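Chains, contacts and geometry: an overview
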Amino acid sequence: MTDTAHAQDCYPVGGDWTDARVDAAAYERLYAAAARDPDTFWLDQAKRLDWTSPPTVAGDWSFDADDFRITWFADGTLNVAANCLDRHLAERGDTVAIIWEPDDPADAPRTFTYRELHAEVCRFANVLTAQGVAKGDRVTIYLPMIPEAAFALLACARLGAIHSVVFGGFSPDAIAGRIEDCGSTLVITADEGRRGGKRIPLKANVDAAAAKAPGLAKVIVVKSTGGDVTMTPRDVWYHDEAAKVSAACPAEPMAAEDPLFILYTSGSTGKPKGVLHTSAGYLLWASYTHELAFDYRPGNVFWCAADIGWVTGHTYVLYGPLANGATTLMYEGLPNWPDASRLWQIVDRHRVHTLFTAPTALRALMKEGDAFVTATDRSSLKLLGSVGEPINPEAWRWYYEVAGDARCPIIDTWWQTETGGAMIAPIPGATALKPGSATRPFPGVFPRLVDDKGTTLDGAATGNLVITQSWPGQMRTVWGDHDRFVQTYFTTYPGTYFTGDGCRRDADGYYWITGRVDDVINVSGHRMGTAEVESALVAHAAVAEAAVVGMPHDIKGQGIYAYVTLNSGVATTDDLRAELVTWVRQEIGPIATPDKLQFAPALPKTRSGKIMRRILRKIAEGDTASLGDTSTLADPAVVEDLVANRVG
Ligand code: 6R9
C-alpha cells in the first residue's frame, strides 16, 4: 500500500465510545502533561498502586554511557502480589480473578475469585519458603497454561523471589542454559503439558535439563495430567507439600527497584539475554497500559491469549489485569483445536469482552474461512487487541470486519520484552485507526526516528526507532551482564534507547513498524536470534558453518531459512537435512525449526570474512534477480551455486 492509500484508509475509533475514559482531546492533554512535567505526571500515576511506603521521587535516569542509570520511584516500597491480590479483597474478594479454560472443550473450566486466588498464592509461597526459597533467589518456572502457573509467579512476587519463566515449548538444553545463567537452584514444573490434544513431557524435559545444569537442586512438580513421571530425590509433588502448609503468608515489602522477574529473549548474538524487570516501575506500566489500551471496566472479561512464557503473558494475562482488579482468562490450549472456531467458542462461553492475540494466529484462522467465525455469536466482544509482529492490513480488516463485526477497535500494540508493556497503540475512543499501524505513542512515551548515522528524521519519514526518554516499565539490566545491556541498547544511537525495529511515521504522526533491523527474526510473533539457530547447527558434528536468515511466510510472518556448510567428506543427503532440522528443534525447541535448509559448499563472504547476509536474505526470499553489488565478495562464484540450488 502507498502512503496516500493509508491516509484515505483511516477508520473511525471503531464502535460506540461515547463514554470513553480518554477521548482525543484528553489524549493530547495527557501526552503534553507527561512531556512538560514527567515527575508530577508519574508520581500522580503511582497512586494507582498500593505502596507500603509511597515514593517521593519519580524517574532518575540517564541514557549517556558515562553516567548511565535508570531508577523509578526509588524510595517507595510495595509488594507486587499484594497489589494484585490483597488490596482487592475488601471490595472484590468474591469477583472472579481467573477463569481457566482447559485444552479439551469437553473438560470443565475452573474459576478462582480474588479471595481464592489469594489463598492459593499464599499456600504456594509457603511451599516455596519450606523448600528454602528466600527473597532475591531465582526460581525457574516451566509450566503449562494452568492456574498453578499464575499461583507460582505471584508466590515468587509475594516472597520477593525473582521468577524466570521458561516457555513450555523450549528444549532441555534451553532450560538448562537459563537455569545456569541466572543461578537458580529450584524449578517449578508439571508432570505434563496439554496442547491441542497432545501431551508435552515437561517433567522429563526438566530431568534432561538437570543433567546439564548441575546447580539445580530441587524440583517442585505440579500434577496436571496425571501422566507417568519418574520422581528422583530432587523432586517433590506440589500437592504433597501444599497439604503441609497454611494459606496465610505475609507479603514481603520490596524496594521499588528490587527485581521482580527475569525473562530470556533472543538478541542478535547466540546467547539469549536475561531481561530484568523491577517491581514498582514494571507493575505501574502493566497497570497503566492495561487500562489505557483496553479501557478496562469492572465486570469485563479480559482475554490475552498469549502463553505465560512470553512477556505478553506476564504483563497481560497476569500482572496488568490483576493489578487492575480485572477478570482475566487463561487458556491452556491452541486457537485452532479441535477446530478453527475454538477461539470464538471460548469468547461465547465466557462472554469475553476483550480478546488480545497475535497476527500469526489470525492469519492461520483466516485461512480456514469465515464460517468458523460467523457460526458463533461474539456479541460480548467490544475490543480486539494485536501484538507480537506487524499486523498486515488484510489480517487487520478480517479481524475488524469478520471477527469484530466492524464494531470493535483493533488495538495494535507495539512493544517488546524490554519495554515491559505496550508503548505505541491506539486508545479506544481516542485514536482513529489505520489498518497496519500501531498508531501513536502512549502519554510518557517519546519515540524518534533516526537514520543509520543517528540523524533525527522529522515529520513523515522512515528510519530506526529509538525512544528518547525513560519510562517506568523499562528493563533495568541484562541479568549478570550490565555492560551488555548498555552496549546493546544505548550505544548504537548514543543517548537514546534503540529498539532494534525499523519504522515509518506518516504525515499524521502515525507509526508503522516495519520489522527488525538487526539479526532477530520474528517467527509467529516469537523472537528468534539468527545466531541462536546458527550456534545450534554448528554444534552438530557434521556441520562446519551455518548462516540463518528470515524469509517471508504466509502464516508465521517470517520463516527460518538455514544455509549449512558441511565438514569435508560429509555427503549432502536428504536424511542429513532432515536430521539437522530435527537437531535444531531438539536443541532449542519447536519454534526454532528451520523451514528450509540448503546445503552450501561455501557461504558468501567479504574479503574480511563477514557473511553477506543481505545476499542470503535475497536468495531465501526468491529475489535472485536483484542481488545487488557482489563485487566485494571474496569469491563471487559462491553466489551462483546458492542461487542454482535454492530450496523453493
Ligand atoms: C510484545 C512482544 C518484540 C518485537 C518488536 C517488534 C515485534 C511486537 C508488534 C511488533 C509490529 C506490533 N512487535 N509487537 N511489530 N507491530 N504490534 O512481542 O515482545 O517478544 O520481545 O518481541 O516484536 O519487532 O521489537 P517480544
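Rules used in this analysis
Residues numbered from 1 in each chain as written. Predicted model: local features only at pLDDT ≥ 70, side-chain atom pairs only at ≥ 80, totals over all residues. Heavy atoms only, no water. UniProt positions renumbered as here; feature names shortened; annotations may be inferred. Pairing = 2+ DSSP bridges. Helix = DSSP H or I, 4+ residues; strand = E, 2+ residues; numbered from the N terminus. Near = heavy atom within 4 Å. Polar contact = N/O pair within 3.5 Å; in protein donor to acceptor, adjacent residues only side chain to side chain. Areas by Shrake-Rupley, 256 points an atom, 1.4 Å probe, with all protein chains shown as cover. Nonpolar A, V, L, I, M, F, W, Y, C, P; charged D, E, K, R; others polar. Buried < 20%, exposed > 50% of the residue type's maximum accessible area, 1.4 Å probe, protein only.

Under an unreviewed UniProt entry, the protein has the name Acetyl-coenzyme A synthetase and belongs to Sphingomonas oligophenolica. In its Catalytic activity (unreviewed entry) section, the UniProt record describing the protein reads: "acetate + ATP + CoA = acetyl-CoA + AMP + diphosphate". Listed in UniProt under the heading Cofactor (unreviewed entry), the comment for the protein reads: "Mg(2+)".

With that settled, the discussion passes to the sheet that holds strand β26 (residues 511-516). Read across the open sheet, the five strands follow the order β22-β21-β23-β25-β26; overall the sheet is antiparallel. Each end of this open sheet is capped by a strand with a single partner; those strands are β22 (456-457) and β26.

Another point: the site of the ligand. Around the ligand, the structure places 17 residues, and the nearest of them are Asp 412, Thr 413, Thr 417, Asp 501 and Arg 527. Thr 413 places a main-chain nitrogen or oxygen 2.8 Å from a nitrogen atom of the ligand. Taking Asn 522, its side chain carries an N or O atom lying 3.4 Å from an oxygen atom of the ligand. When the free accessible area of the ligand is taken as 530 Å², the share hidden by the protein chains comes to 96%. Taken together, the elements giving at least two residues each to the shell around the ligand come down to α12 (311-323), β20 (410-413) and β26. Counted by class, the shell around the ligand contains six nonpolar, six polar and five charged residues.

Counted residue by residue, strand β4 (residues 96-101) has five buried out of six residues, so it is predominantly covered. Pairing analysis gives four bridges linking β4 to strand β5 (residues 110-113), with the strands arranged antiparallel. By the bridge assignment for β5, Val 96 is matched with Thr 113. Pairing of β4 with strand β17 (residues 327-331) involves four bridges; the strand directions are parallel. The residue of β17 that forms the bridge with Glu 101 is Tyr 331.

The next thing to look at is the UniProt feature "domain: AMP-dependent synthetase/ligase" (unreviewed entry) in the protein. Residues given the UniProt feature "domain: AMP-dependent synthetase/ligase" (unreviewed entry) here are residues 86-470. What you have in residues 86-470 is 32% helix and 23% strand, and the ends, taken at the C-alpha atoms, are 30 Å apart.

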